[in-house]
Amino acid sequence: MEMSPDYAETTARALARSGYSLHKTRSTVSGNRATYGSTQYELRAPNRRFVLEVVDQEGEPSRYFLEIGEHHGLRTVSLELDSWKFGDRCIEFRYVTDPRTGGAVTFILDHPEA
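What this report covers is the structure whose coordinates are included nearby. Predicted model only: the values in this text are computed from it and were never measured.

Quick word on the sheet that holds strand 2 (residues 35-45)
Reading across from one edge, 1-2-3-4-5-6-7 is the order of the seven strands in this open sheet, with antiparallel pairing throughout. The sheet terminates laterally at strand 1 (21-30) and strand 7 (106-110), the two strands that pair on one side only. Strand-to-strand twist in this sheet, taken as the mean axis angle between neighbours without regard to direction, amounts to 30 degrees. Across ten bridges, the pairing between strand 2 and strand 3 (residues 48-57) is antiparallel. Paired with leucine 43 across the bridge in strand 3 is phenylalanine 50. Relative to the sheet, helix 1 (residues 5-17) contacts strand 1, strand 2, strand 3, strand 4 (63-71), strand 5 (79-86) and strand 6 (90-95), its axis offset from that of strand 5 by approximately 60 degrees.

Some thoughts on the packing of aromatic side chains
What the rule picks out here adds up to seven aromatic pairs. Both rings, one in tyrosine 7 and one in tryptophan 84, keep their centres 5.3 Å apart while their planes meet at 20 degrees; by these two values the pair is stacked. In this pair, tyrosine 7 sits in helix 1 while tryptophan 84 sits in strand 5, placing the two residues 77 residues apart along the sequence. A residue is classified by how much of its surface remains accessible, and tryptophan 84, at 2% relative accessible area, is buried. Three or more aromatic residues joined by ring pairs make a cluster, and in this case those are Tyr20, Phe50, Phe93, Tyr95 and Phe107.

Some words on the pattern of salt bridges
Charged atoms that come close allow side chains of opposite charge to pair. Enumeration over the complete set of coordinates arrives at seven salt bridges. One salt bridge connects glutamate 9 with lysine 24, and the closest N-O pair in it is separated by 2.9 Å. Of this pair, glutamate 9 sits in helix 1 while lysine 24 sits in strand 1, and the two are 15 residues apart along the sequence. Residues participating in the shared-partner salt-bridge network are Glu42, Arg44, Arg49 and Glu67.

Some thoughts on the pairing of strand 1
As paired elements, strand 1 and strand 2 share ten bridges and run antiparallel to each other. Within strand 2, the residue paired with valine 29 across the bridge is tyrosine 36. Between the end of strand 1 and the start of strand 2, which pair antiparallel, lie four residues.

Section: helix 1
Between its first and last C-alpha atoms helix 1 spans 19 Å; for 13 residues at 1.5 Å apiece the expected length is 18 Å, and the two agree. The secondary structure elements touched by the buried residues of helix 1 are strand 1, strand 2, strand 3, strand 5 and strand 6. Within two residues after helix 1, glycine 19 carries a phi angle of roughly 115 degrees, on the positive side.

Reading guide: rules and limits
As a convention, each chain's residues are numbered from 1 in the sequence order in which they are written. Since the coordinates come from a predicted model, pLDDT governs what is reported: local features require at least 70, and pairs of side-chain atoms require 80 or more to be given and counted, while whole-chain, interface and lining totals use all residues. With hydrogens and water set aside, each side-chain value is computed from the structure's full complement of heavy atoms. One requirement defines pairing of two strands: DSSP has to find at least two bridges between them. Secondary structure elements are defined from DSSP: runs of H or I of at least 4 residues count as helices, runs of E of at least 2 residues count as strands, and each element is numbered from the N terminus. Fitted lines through C-alpha atoms give the axes, limited to the stretch in contact for helices. The angle between two N-to-C directions lies from 0 to 180 degrees. Throughout, a residue-residue contact means that at least one pair of heavy atoms, one from each residue, lies within 4.5 Å. Stacked, edge-to-face and tilted labels apply to pairs of Phe, Tyr and Trp rings (six-membered ring for Trp) whose centres lie within 6.5 Å, assigned for plane angles under 30 degrees, over 60, and everything in between, in that order. Relative accessible area decides the class of each residue, using a 1.4 Å probe on protein chains only: under 20% of the type maximum gives buried, over 50% gives exposed, and in between gives partly exposed. The working definition used for a salt bridge is a side-chain nitrogen of Lys or Arg within 4 Å of a carboxyl oxygen of Asp or Glu. The span you would expect from a helix comes to 1.5 Å times its residue count less one.

Right, dumping it as structure tokens:
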């Protein structure tokens, strides 16, 4: 699947239909070196919270990040995603691959209603 801002929006809406509540925020950050936009999709369910973020900078491809704020006691900092895909029962996230080995952390989260 080709990652895109539209696919992130589609994913967030599909997860909202699967039992998560969805809160979308959009912000723009201007720094000394660059200005970039951030769209965050915060998804919550009992004992679960995560944020899928799209970062856009003019002249650069979009980048995607995931923070697991809570998942039954598991938490992570925001890390860059290589890809993700969702289905009727779960979503699979894959963090950026190590270019030397091709290895990456991939994990699957069941939907609350699955």
